[in-house]
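A look at the structure
The chain contents come next:
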Amino acid sequence: MAKVLYEKDGRIARITLNRPEVMNAIDDDLPTELEECVERANADDGVHVIVLSGAGRAFCAGYDLAYYAQASEGRGHEMTQQMPWDPMNDYAFMMRNTERFMSLWRSHRPVIAKVHGFAVAGGSDIALCADMIVMAEDAEIGYMPARIWGCPTTAMWVYRLGPERAKRMLFTGDRIDGREAEQIGLVLKAVPASDLDDEVERLAERMASVPVNQLMMQKLVINQAIEAMGLKQTQMFATLFDGITRHSPEGLNFKRRAEETGWKQAVRERDLGTFDWTKNRPINSTKGGQ
């Protein structure tokens, strides 16, 4: 079964992340299929706009940690290598995914991301590569691996939010709901979940009435302004640093903890701040972790 679905509906191409049983978590195949669907839309002269969404309960819950973090030797080797690790092998793997997510940014057809449930971790990387994001008010977005075991490779946070708010999100790894995401300018609009489909349809249909060449020119002009700020170089550093976070002492301790206790427990400890990844032991809250 396809992990990313493609459908043409008049002038609108609908691309749907399709691993609903794991909240559309990213595996080895999903980025490739996503890029292929974007290319298919761009090759069709009848398509004016792309709407990107997720099947089931969420847009995308990030990388499939049950595979990549909890996996023992012989599985998930792309994310955590045996030491000493080769940073360039890691970079090559992760940059391929980054470039596939960025097919949304490079698309000659504008892309609206319709976010419900969660767009977190690597799922936020995908959403933030779209031209516009419309969220359900109760949906959540954030990059929790900034706490341990990750750096957002597409590096879109700073370009969408500016330095101070980007630092707030990445220094904490917090998730925020659609209301706050709209308030700080991370997304175009947040609406009640019951109104999300209609809101995106109105926007897509309005844009679809514009000639393709007009849409393409406006997108190229705006995107080049961001690219002139050094987006490509920023993504190079971010993708390298992502590999370092997973092979640092703390990152390796997180990986071992996930193998020992399961990724859900390791993620819970990461997000609650109840584990000292440097000393590789639970934090004693009564003694401030000492």
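Attention in this report is confined to the structure presented alongside it. (Residues numbered from 1 in each chain as written. Predicted model: local features only at pLDDT ≥ 70, side-chain atom pairs only at ≥ 80, totals over all residues. Heavy atoms only, no water.)

Across its full length, the chain holds 13 helices and 11 strands. Radius of gyration (C-alpha) of the chain: 19 Å, near the 19 Å computed for a compact globule of 290 residues. Its C-alpha atoms give the chain principal-axis dimensions of roughly 60 × 40 × 35 Å. Burial statistics for the chain: of 290 residues in total, 52% are counted as buried. Across the chain, the fraction of contacts at a sequence separation of at least 24, relative to all contacts at a separation of at least 6, is 71%. When the accessible surface of the chain is split by element, carbon and sulfur atoms take 53% of a total near 13,500 Å². Across the chain, the centroid of the 35 positively charged side chains sits 3 Å from that of the 42 negatively charged ones. (Helix = DSSP H or I, 4+ residues; strand = E, 2+ residues; numbered from the N terminus. Rg over C-alpha atoms; globule rule 2.2 N^0.38 Å. Buried < 20%, exposed > 50% of the residue type's maximum accessible area, 1.4 Å probe, protein only. Contact = heavy atoms within 4.5 Å. Areas by Shrake-Rupley, 256 points an atom, 1.4 Å probe, with all protein chains shown as cover. Lys, Arg positive; Asp, Glu negative; His and termini not counted. Charge placed at Lys NZ, Arg CZ, Asp CG, Glu CD.)

Okay, the sheet that holds strand β2 (residues 12–17) next. Strand order in this open sheet of six strands is β1-β2-β3-β4-β6-β9, and the pairing throughout is mixed. The two strands at the open ends of the sheet, each matched to only one other strand, are β1 (4–9) and β9 (189–191). Adjacent strand axes in the sheet meet at a mean angle of 20 degrees, parallel and antiparallel pairs treated alike. Sheet topology note: the β2/strand β3 (residues 49–54) ladder contains six bridges and is parallel. Pairing of Ile12 across the sheet is with Val49, part of β3. (Pairing = 2+ DSSP bridges. Axes fitted to C-alpha atoms, helices over the stretch in contact; angles between N-to-C directions.)

Right, let's talk about the environment of Glu140 for a bit. Note on placement: Glu140 falls in strand β7 (residues 140–142). As a C-alpha pair, Glu140 and Glu180 span 40 residues in sequence and 9.4 Å in three-dimensional space. In this structure Glu140 touches Gly117, Phe118, Ala119, Val120, Met135, Arg175, Ile176 and Asp177, once residues within four positions along its chain are discounted. A polar atom in the side chain of Glu140 sits 2.6 Å from the side chain of Arg175. (Polar contact = N/O pair within 3.5 Å; in protein donor to acceptor, adjacent residues only side chain to side chain.)

For the rest of this paragraph, the subject is helix α13 (residues 263–272). Because an α-helix packs 3.6 residues into every turn, residues spaced three or four apart end up facing the same way. Within α13 the residues assigned to the buried category are Ala266, Val267, Glu269 and Arg270. Viewed end-on, α13 has its buried residues packed into an arc of 160 degrees, placing them on one side of the element. Projecting away from the buried face of α13 at angles above 90 degrees are the exposed residues Lys264 and Leu272. Those residues of α13 that are buried lie in contact with α2 (65–68), α12 (249–261) and β10 (275–276). Note on α13: the residue one or two positions beyond its end, Gly273, has a positive phi of about 70 degrees. (Arc of directions from axis to C-beta.)

The next point concerns the pairing of strand β6 (residues 132–136). By the criterion of burial, β6 is predominantly enclosed, with four of the five residues buried. With four bridges connecting them, strand β4 (residues 111–115) and β6 associate as parallel partners. Of the residues in β6, the one forming a bridge with Val115 is Met135.

What follows is about the sheet that holds strand β5 (residues 118–120). The sheet built from three strands is open, its strands ordered β5-β7-β8 with mixed pairing. Lying at the two open borders of the sheet, with one neighbouring strand each, are β5 and β8 (175–177). On average, each strand axis in the sheet is inclined to that of its neighbour by 20 degrees, with strand direction left out of account. In this sheet, β8 lies alongside β7 in antiparallel orientation, the contact comprising three bridges. If you follow Ile141 over to β8, its bridge partner there is Ile176.

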